[in-house]
Amino acid sequence: TTHFKPFNTLFLESQSILEPKGKVITRRLSDMAELYQDQKSAQSLMDENPLVYEVFNVEVPESIEHIQHCITVLYPGKVGEEFFMTKGHYHEILNRAEIYFCFKGEGKLVMQTQDGDYEELDMKPGTISYVPPNWAHRTVNTGEEPFVFFAAYPGDAGHNYGDIEKIGFRKVIVNESGEVKTVDNPRY
Ligand code: S6P
Ligand code: ZN
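Attention here is on the structure that accompanies the text.

### A word on the overall build of the protein chain
Then comes step 1: In terms of helices and strands, the protein chain carries 2 helices and 15 strands.
Then comes step 2: Taking the principal axes of the C-alpha coordinates as reference, the protein chain spans close to 60 × 40 × 30 Å.
Then comes step 3: Taking all 188 residues of the protein chain together, the buried fraction comes to 45%.
Then comes step 4: Summing over all exposed atoms, the protein chain offers an accessible surface of approximately 10000 Å²; the carbon and sulfur share of this is 50%.
Then comes step 5: On the protein chain, the mean spot of the 18 positive side-chain charges and the mean spot of the 29 negative ones are 1 Å from each other.

Structure representation (structure tokens):
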């Protein structure tokens, strides 16, 4: 028989290196500038074009019997007063769930359904977060060091970015005189 062979992956956290390397997704501000509220600040950062996050993917087949898994490193920073964040997505197969495990830094996991329900969870080292079926999800780095978490989800889940790119989440996470605040998204 030809069963898929078990294997280990090692994440060298201090160097942000995954072994074996797998597929790395790199997102800079220019890849997502339009998602931030303060477009003036976004434009003024464009020359510098900071690295916002990297996703280190372990390569497994994209089918239901497998479990995709990866590490996200979301760097600290702000666009205006809005914290660096991931693009955010629904799964292409909407009812595919996901688990996040945070092991460095701090942040928020913001989620919403197509009916407009909104929830957010705090993440810090040791937090295991459950994203149930049907919830769009985005992470936000509210701290001053890289926010690092592991994710696992069904192999066939896929990513649907379009809906979030159009209207975003109902809320945005901002710095307000040194405090982390959740405020209404004026564009929603
Ligand atoms: C995949 C999972 C994460 C994100 C990653 C980047 O289902 O939710 O690995 O892909 O954190 O976020 P995004 O929204 O750019 O894919
Ligand atoms: Zn996901």
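### What to know about the coordination of the zinc ion (ligand 2)
Then comes step 1: At this site the zinc ion (ligand 2) is bound by His-89 (NE2), His-91 (NE2), Glu-98 (OE) and His-137 (NE2), with donor distances of 2.1 to 2.3 Å.
Then comes step 2: Written as a sequence motif, the donor arrangement for the zinc ion (ligand 2) is H-x1-H-x6-E-x38-H. A residue pair is termed long-range when its members are at least 10 positions apart, and His-89 in the loop between strand E7 (82–83) and strand E8 (98–104) and His-137 in strand E12 (residues 136–141) qualify at 48 residues.
Then comes step 3: Judged by its relative accessible area of 10%, His-89 falls in the buried class.

### Quick word on a nonpolar patch on the surface
Then comes step 1: Together, Ile-99, Phe-101, Ile-128 and Tyr-130 line one region of the surface with nonpolar side chains, adding up to about 410 Å² of accessible area.
Then comes step 2: Mapped by element, the contributors of at least two residues to the nonpolar patch are E8 and strand E11 (128–131).
Then comes step 3: Locating Tyr-130 in the fold gives a position in strand E11.

### A short note on the site of ligand 1
Then comes step 1: Around ligand 1 sit 17 residues in total, of which Tyr-53, Gly-88, Glu-98, Tyr-100 and Tyr-161 are the nearest.
Then comes step 2: Measuring from an oxygen atom of ligand 1, one finds a side-chain N or O atom of His-159 at 3.1 Å.
Then comes step 3: Relative to its unbound accessible area of 390 Å², ligand 1 is 98% covered by the protein chains.
Then comes step 4: Of all the elements in the fold, those that place two or more residues in the shell around ligand 1 are strand E4 (51–58), strand E5 (67–74), E8 and strand E13 (147–154).
Then comes step 5: Split into classes, the residues belonging to the shell around ligand 1 amount to 7 nonpolar, 7 polar and 3 charged.

Definitions and cut-offs
Residues numbered from 1 in each chain as written. Chains lettered and ligands numbered in written order. Predicted model: local features only at pLDDT ≥ 70, side-chain atom pairs only at ≥ 80, totals over all residues. Heavy atoms only, no water. Helix = DSSP H or I, 4+ residues; strand = E, 2+ residues; numbered from the N terminus. Buried < 20%, exposed > 50% of the residue type's maximum accessible area, 1.4 Å probe, protein only. Areas by Shrake-Rupley, 256 points an atom, 1.4 Å probe, with all protein chains shown as cover. Lys, Arg positive; Asp, Glu negative; His and termini not counted. Charge placed at Lys NZ, Arg CZ, Asp CG, Glu CD. Donors = N, O, S within 2.8 Å, 3.2 Å for Na, K, Ca; no water. Patch = residues over 30% accessible without salt bridge, like charges linked within 9 Å, V, L, I, M, F, W, Y side chains within 5 Å. Salt bridge = Lys/Arg side-chain N within 4 Å of Asp/Glu carboxyl O. Near = heavy atom within 4 Å. Polar contact = N/O pair within 3.5 Å; in protein donor to acceptor, adjacent residues only side chain to side chain. Nonpolar A, V, L, I, M, F, W, Y, C, P; charged D, E, K, R; others polar.

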